[in-house]
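Architecture at a glance
The lines below spell out each chain.
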Amino acid sequence: MGKKDSKKKSADKKARVVEKTARKTSKKEKKSSNKKGPDVNEDDMDLDSVLEEYARQQALFMKVTETPLAVPPPVRANATLTAAPSGKELLLFGGETFNGAVAKFFNELFVYNPAHDEWRQITSPNSPLPRSGHCVTTSRYGGGNTGSMWLFGGEFSSPKQGTFYHYNDFWRFDIGSREWVRVESKGGGGKGGSGGGGPPARSGHRMVAWKNYILVVGGFQDTSSATKYLGDVWVFDTNLYTWTAISLPAHAQRPEARSSFSLLPHEQGAVLFGGYSRVKSSSIPSAGHKKGGGGSKASSGSVAWKPVIHQDTWFLRMDQDLTKVRWERRKKPGNPPNPPRVGVTMAWHKGRGILFGGVKDEEDSDEGLESIFFNDLFAWGIDRNRFFPLTLRKPKVQKNAGNERGGGRRDRAKEAEEDLLRNLKALEAVGRDGDDDDEQNEEEKKPVVIKEQIMSLELPHERFNATLAVLDDVLYMYGGTWEKGDREFTFDEMFAIDLGKLDGVRTIFSRKDETMWEESEDEDEDDEDGEDEDQDEEDEEEEEEEERMQIDEAEIELRRKEKALRKKGKPTDPEQIPETPDIQEPDPVDEIAEEASLDQTPHPRPFESLREFFARTSVAWLEMLIAKQETGAYKNKTVKELRKEAFTVAEEKWWACREEIRGLEDEQEEAGIGEVVSLGDASGLAGGGGGAGGAGRRR
């Protein structure tokens, strides 16, 4: 039997060798016949001519059109989603798709109206060329009453990604007229340094608006030999239409060059967190992801590049005198996402950043690179520099407070509070739209109503580079990428989360990724050669292979436990465990009391809505703003403008403390306490005396 089996294996092996040789010969002949001429590479095309053709086709549109869509936009990754200043719609622009062999880029602009659950596509004879990795921000300066969206940079590539092109063009989209305008700088350079021509081309950068300025920070550039990360700061004046490169003294501190970081607006400038870059290293380079803004395009010469996940925070202190602009290093944020991750950015929401997802690459001695994906949701308090996990919870049954109170002074006080809030909301609408018509303001301030859709208490699937935007206290999450093996999956879906209630995830739409994944020709040939070689080795060492596949049950259980720990973000190797001893988290009550003692501004109470908080503290906020008038910060403000500003700062304070207060509410509900009322305030509403103590004194 042994001799017969040996002869049979030898004959099969010879047959496979003949088949392998014939297949290779056929592939070479096919490849040769497809060549258009000598030394012609299908992917070595002139990108300028390709882009000129895109521009020619774009010019065929004779006017601006806005077309309703029966279905959401086609799937795409690395697009931008931003909320319009009007607070009524979201703007989705650009992006790309990749099927493993061919990349395709887009330049369509889509508008989503949450109140009607409606998508529209806007076409224009003048619009940016197809791109991904660009950045946008919105501002009320430099445009009409409805504001503008500003766009800079991005990248484009040949279909097989053999050559890349980075943009350095700057665009303004007028949200009212629906028109794109390419912004040409008037030259100069201003007071902060050299300028005139504007920032160099880049991708993976970030932009924010500050007063009448648009800030462009960081990013990366791909060259033929390496990826260059940037750490520069450019400022565009929307009044003068000039660019200024911020020049810092040689000894001034500044963040390291990076891309894919988070940059959030602040009253006094902007705040930076995290990011990704690659630095030279003597170690063997590992495969990288495109998620880091150039990670997959590191140089492949003798120089090795080590990926770096940044976890530091910086404050860019702005000034109307651009020579005084400075970076200030901040302390490490409290309770940051663990483990550190890339492929995340944050959406700004009233003094805090909302973060979702990300990916961490880990070296594995057996399988090379292993990627762990996340679907955590965090809120980062900008001023307090602390992260708080956001947890979904079942909606609470609201009591009918009006029926319980039964009228009297408390009802009249409540009505007065509601009237005050309605007036302030109307003032806020007037300030935004420049229209004093009360009926029109009420129409424009109608709350966003999401139609009934699928609701879930589970966060969306793990992913990186999901696009986030916040509109009217609702977080919208679009797309994102996930990897399994060598394939990339682009999510074709959109979700909404009410940040005030956190009562679940609403599915705006969700479709299966229909992309047919392909492999490039070179990869196919390599894979086939590898499969043949593996098959030969398997025939020659069949018995050893069977022995290697024998894994005992104890080892299987150990691997399962390690995988579970990795999903939870916990180190599996004892050497990876931080040396710093575990620090017990402070009690929420003590922490809030300590911060309240340092912060002299009014503090929210458990179970107190934003409306109730402002009604109780409006006088204190107005007094604080009036005192600031002496410093010039609120000089020449009218009473209406001060009231509007008072509501804005009160709203930001309420949201900044929301997660701690929510924790206190949960603790008190477990103890059977459903509402906390200050006895002093209660007695004041009833017109009685006494009762000066109570919960109000503890803040």
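Note: the structure precedes this text.
Quick summary incoming for the structure in this document. (Residues numbered from 1 in each chain as written. Predicted model: local features only at pLDDT ≥ 70, side-chain atom pairs only at ≥ 80, totals over all residues. Heavy atoms only, no water.)

**So, the pattern of salt bridges**
Note the threshold: Criterion for a salt bridge: a side-chain nitrogen of Lys or Arg within 4 Å of a carboxyl oxygen of Asp or Glu.
Scanning the entire structure with this criterion turns up 19 salt bridges. The network of salt bridges with common partners includes Glu66, Glu89 and Arg178.

**A look at the pairing of strand S28 (residues 474-478)**
The two faces of a sheet get side chains in turn, since along a regular strand they alternate between them. This is how it is decided: Relative accessibility decides the category of a residue: with a 1.4 Å probe and only protein chains considered, values under 20% of the type maximum give buried, values over 50% give exposed, and everything between is partly exposed. Secondary structure elements follow DSSP: runs of H or I no shorter than four residues count as helices, runs of E no shorter than two count as strands, and numbering proceeds from the N terminus. Here, a strand pair is defined by DSSP locating no fewer than two bridges between the strands.
Judged by how many residues are buried, S28 sits mostly within the fold: five of five residues are covered. Of the two faces of S28, the one holding Val474, Tyr476 and Tyr478 and the one holding Leu475 and Met477 are both buried throughout. What sits between the antiparallel neighbours strand S27 (residues 467-471) and S28 is a turn of two residues, in which aspartate 472 has the positive phi angle 55°. For S28 and strand S31 (residues 492-498), the ladder comprises five bridges, and the chain directions are antiparallel. Each residue of the ladder has a partner; that of tyrosine 478, found in S31, is methionine 494.

**Digging into the sheet that holds strand S26 (residues 455-456)**
The five strands lie next to each other as S26-S32-S31-S28-S27, forming an open sheet whose pairing is antiparallel. Of all strands in the sheet, those bounded by a partner on one side alone are S26 and S27.

**Quick notes on the sheet that holds strand S21 (residues 326-329)**
Short version of the rule: Fitting a line to C-alpha atoms yields each axis, with helices limited to the stretch in contact; the angle taken between N-to-C directions then spans 0 to 180 degrees.
An order of S18-S19-S20-S21 is seen for the four strands of this open sheet, with the pairing classed as antiparallel. In this open sheet, the two edge strands, each paired with only one partner strand, are strand S18 (262-266) and S21. Mean inter-strand twist for the sheet, computed between neighbouring axes without regard to direction, equals 35°. Pairing analysis gives four bridges linking strand S20 (residues 304-317) to S21, with the strands arranged antiparallel. By the bridge assignment for S21, leucine 316 is matched with tryptophan 327.

**Considering the pairing of strand S30 (residues 487-490)**
Judged from the four bridges that link them, strand S29 (residues 481-484) and S30 form a sheet pairing that is antiparallel. Bridging from a neighbouring strand, tryptophan 482 pairs with phenylalanine 489 of S30. Hairpin connection of S29 to S30: two residues between the antiparallel strands, including glycine 485 at a positive phi of 65°.

**Some words on unusual backbone geometry**
Note: most residues except glycine have negative phi, and most peptide bonds are trans. Following asparagine 338, the chain continues to proline 339 via a peptide bond in cis, the omega torsion being 0°. Note on placement: proline 339 falls in the loop between S21 and strand S22 (346-348). Of note, the phi angle at aspartate 117 is positive, near 50°, even though the residue is not glycine. Here aspartate 117 is to be found in the loop between strand S6 (109-113) and strand S7 (118-123). With a phi angle near 55°, asparagine 335 is a residue other than glycine that sits in the positive phi range. Looking at the element boundaries, asparagine 335 is found in the loop between S21 and S22.

**Thoughts on the environment of arginine 172**
Counted only if it meets this: We define a polar contact as two N or O atoms separated by no more than 3.5 Å, with the added condition that, inside protein, one atom must be a possible hydrogen donor and the other a possible acceptor, whereas residues neighbouring each other in sequence contribute only through side-chain atom pairs.
By secondary structure assignment, the location of arginine 172 is in strand S12 (residues 170-174). Residue classification places arginine 172 among the buried residues on the basis of a relative accessible area of 13%. Distance in space between the C-alpha atoms of arginine 172 and serine 148 is 6.4 Å, their sequence separation being 24 residues. There is a polar contact of 3.1 Å between the side chain of arginine 172 and the side chain of serine 148.

**Quick notes on the packing of helix H10 (residues 610-628) against helix H11 (residues 639-656)**
Our working definition: Each angle receives one of four descriptions, namely roughly parallel if under 35 degrees, roughly antiparallel if over 145, roughly perpendicular if within 65 to 115, and oblique otherwise. Helix crossings fall into two classes, left-handed where the near helix is turned counterclockwise from the far one by less than a right angle and right-handed where it is turned clockwise. The contact definition used throughout considers only heavy atoms, calling two residues in contact when any of these lie within 4.5 Å. Under the scheme applied, nonpolar residues are Ala, Val, Leu, Ile, Met, Phe, Trp, Tyr, Cys and Pro; charged residues are Asp, Glu, Lys and Arg; polar residues are all the others, including Gly.
Following both chains from N to C, one finds H10 and H11 inclined at 120°, their axes separated by 8 Å at the closest point. Taken together, the axes of H10 and H11 are oblique relative to one another. Here the hand of the crossing between H10 and H11 comes out right-handed. Contacts between H10 and H11 pair Leu610, Phe613, Phe614, Trp621, Leu622, Met624, Leu625 and Ile626 from the former with Leu642, Arg643, Glu645, Ala646, Phe647, Val649, Ala650, Glu651, Lys653 and Trp654 from the latter. Taken together, the residues of the contact of H10 with H11 sort by class into 14 nonpolar, no polar and four charged.

**Here's the deal with the packing of aromatic side chains**
Describing an aromatic ring pair means giving the distance of the ring centres and the angle of the ring planes. Quick reminder of the rule: Stacked, edge-to-face and tilted are the three classes for Phe, Tyr and Trp ring pairs, Trp counted by its six-membered ring, which pair at centre distances within 6.5 Å; planes under 30 degrees apart are stacked, over 60 edge-to-face, the rest tilted. Lysine and arginine charges are scored as sitting over a ring when NZ or CZ, respectively, is within 6 Å of the ring centre and within 35 degrees of the ring normal.
Evaluated as defined, the whole model comprises 29 aromatic pairs. For the pair phenylalanine 173 and tryptophan 180, a centre-to-centre distance of 5.1 Å together with 50° between the ring planes defines the contact as tilted. By relative accessible area, which is 0% here, phenylalanine 173 ends up buried. Centroid distance tryptophan 210 to tyrosine 213: 6.1 Å. Interplanar angle 5°. Geometry classified as stacked. Counting every residue linked through ring pairs, the aromatic cluster contains Trp150, Phe152, Phe170, Trp234, Phe236, Tyr241 and Trp243. The ring of phenylalanine 491 is capped by arginine 463, whose NZ or CZ atom sits 3.9 Å from the centre of that ring.

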